[in-house]
Amino acid sequence: MELRVKFWILSDAYPSIYRSKAGFCRFGLPAACAPVRLLFSMARAQDSSESPERLISATRAGEEDGFELKLRPRWLGEFIGQSRAKEQLAIALEAAKSRGEALDHVLLSGPPGLGKTTLASIIANELDVGFQQTSGSAIQIQGDMTAILTNLRERQVLFLDEIHRLQPVLEEKLYTALEDLKLDIIIGQGPSARTHVMEIRPFTFVAATTRLGMLSSPLRSRFGILLRLEFYTEEELRVIVERSAEVLQVPIDTDGAAEIALRSRGTPRIANRLLRRVRDYAQVRGNGEIDRKTAHAALTMLDVDPHGFDEIDRRLLLTIIEKYDGGPVGLGTLAAILAEDEGALEEVYEPFLIQIGFLDRTPRGRVATRLAYEHFRITMPQRPASLF
Ligand SMILES: Nc1ncnc2c1ncn2[C@@H]1O[C@H](COP(=O)(O)OP(=O)(O)OP(=O)(O)O)[C@@H](O)[C@H]1O
Ligand SMILES: [Mg+2]
């Protein structure tokens, strides 16, 4: 016989994802149920940083949580760069505040480490409302979703990270909650089952995804504000490094910060990580201060690529150059060789390489540019002039 046991995880000792989250468990052994599910959800949450902890990977490494929290800007004014997204958000925030209403639902998209989670928490701070965070992979059953939505406080922010991982059946449940602030739940089973409509308090739903292409269009259309985060310029990253150094109380000069910014792959998360490593080097091998010379020596010792390329960037370009004479190569072929999924290549890895002009997307496939050849010090083959 199936037992339905409701449990609550109330402890503040767990990450905020699990706070005030309730769920239903459909197994026997009620006592073992909560810890087992908690372990599973923690494992799933860890899954978001699947790749090995590489210095120049843009994905989050587990041990960095505390460090990232310390460096995370809390207000829109402290958030550097992304001027378009910031402006759009500032207007919407101002309007919502002056009307005393909840902000429209916000969808944040862009490659890892560009500040989606940071912006979500800034939205809650600016609105001066509560912030609750969970993730698409942590919500497994309808009970989880019902509990989260019905426990929301008036106008608070609910942040759902990795929304592309939400199961389709739960996604559909979310639609009515987002639009009509109602949730249909079914009580009981078989002929005696009844539907019950639950009211939800007005709230702001903020969702983040690195894979915009995986969201269905009905889901996308539920958001009033769509913000796409772009890679940061070197100048913006330099300011971010200087700000982080100030928070960490590390003496750094403009040139030292610029050297770190140069190798950060347009990504604040990488910039902050490199700063941490360079700080160690400066303390042990130098006088604790970071200037261009120290930063250069530290990053060279750490073997950080001058463009901040990570292993996949390098393998992607070298595959095109060495195996396919510079391309064109189809996306499917590249994905198979690199053992990555096509969408991840297209939305997470390629945008940076295209932006810095190392990769070209053509109708016949991906092509490595002259800059890519020069970077790897490989001579570019002469191509026969095209007839058309
Ligand atoms: N605009 C910014 N100004 C200053 N620091 C920033 C900015 N954007 C991001 N950061 C820093 O970069 C780190 C990573 O940002 P965040 O966790 O918000 O990225 P994310 O887009 O949510 O990444 P993921 O897709 O992996 O969840 C944060 O700790 C924050 O300190
Ligand atoms: Mg995030």
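Residues numbered from 1 in each chain as written. Chains lettered and ligands numbered in written order. Predicted model: local features only at pLDDT ≥ 70, side-chain atom pairs only at ≥ 80, totals over all residues.

1. Looking at the overall build of the chain
Okay, step 1: A tally of regular secondary structure across the chain gives 15 helices and 11 strands.
Okay, step 2: If you take every contact in the chain between residues at least 6 apart in sequence, the share linking residues at least 24 apart comes to 69%. (Helix = DSSP H or I, 4+ residues; strand = E, 2+ residues; numbered from the N terminus. Contact = placed C-beta atoms within 7 Å.)

2. Points about helix α3 (residues 83-99)
Okay, step 1: Taking 1.5 Å per residue, 17 residues should reach 24 Å; α3 reaches 24 Å between its end C-alpha atoms and fits that length.
Okay, step 2: Gly 100 sits one or two positions beyond α3 and adopts a positive phi of about 70°. (Expected span 1.5 Å × (residues − 1).)

3. Topic: the sheet that holds strand β8 (residues 204-209)
Okay, step 1: Reading across from one edge, β4-β5-β8-β3-β9 is the order of the 5 strands in this open sheet, with parallel pairing throughout. Only two strands of the sheet have a single partner each, and these edge strands are β4 (131-135) and β9 (225-228). Averaged over all adjacent pairs, the angle separating strand axes in this sheet is 15°, with direction ignored.
Okay, step 2: Of the pairings in the sheet, the one linking strand β3 (residues 106-109) to β9 comprises 4 bridges and is parallel in character. When the sheet's bridge partners are listed, Ser 109 is paired in β9 with Arg 228. (Pairing = 2+ DSSP bridges. Axes fitted to C-alpha atoms, helices over the stretch in contact; angles between N-to-C directions.)

4. Section: the site of ligand 1
Okay, step 1: Taken together, the neighbourhood of ligand 1 is formed by 23 residues, with Glu 68, Gly 115, Lys 116, Thr 117 and Thr 118 sitting nearest.
Okay, step 2: Where the shell around ligand 1 is concerned, the elements lending two or more residues are α2 (65-71), α4 (116-127) and α10 (268-285).
Okay, step 3: Residues of the shell around ligand 1, tallied by class, amount to 9 nonpolar, 9 polar and 5 charged.
Okay, step 4: Here the shell around ligand 1 spans two domains, and each of domain 1 (54-228) and domain 2 (234-301) adds at least three residues to it. (Near = placed C-beta within 6 Å. Nonpolar A, V, L, I, M, F, W, Y, C, P; charged D, E, K, R; others polar. Domains from an automatic or database assignment.)

5. Here we look at the nonpolar core
Considering soluble globular proteins, one finds that nonpolar side chains tend to be buried as a cluster.
Okay, step 1: The biggest cluster of nonpolar side chains holds 37 residues, and the ones touching the most others in it are Val 241, Ile 260, Ala 271, Leu 274, Val 278 and Leu 317.
Okay, step 2: Counting only elements with at least two residues in this core, the list comes to α8 (234-248), α9 (254-262), α10, α11 (292-301), α12 (311-324) and α14 (342-355).
Okay, step 3: Among the elements that take part in this core, α10 stands out by supplying 6 residues, more than any other.
Okay, step 4: Shared between two domains, this core holds at least three residues of each, these being domain 2 (234-301) and domain 3 (311-375).
Okay, step 5: Excluding residues that lie within four positions of it along the chain, Leu 317 makes contacts with Leu 353, Phe 358, Leu 359, Ala 368 and Ala 372. (Core = buried A, V, L, I, M, F, W, Y, C linked by C-beta atoms within 7 Å. Buried ≥ 20, exposed ≤ 12 C-beta atoms within 10 Å, placed from the backbone.)

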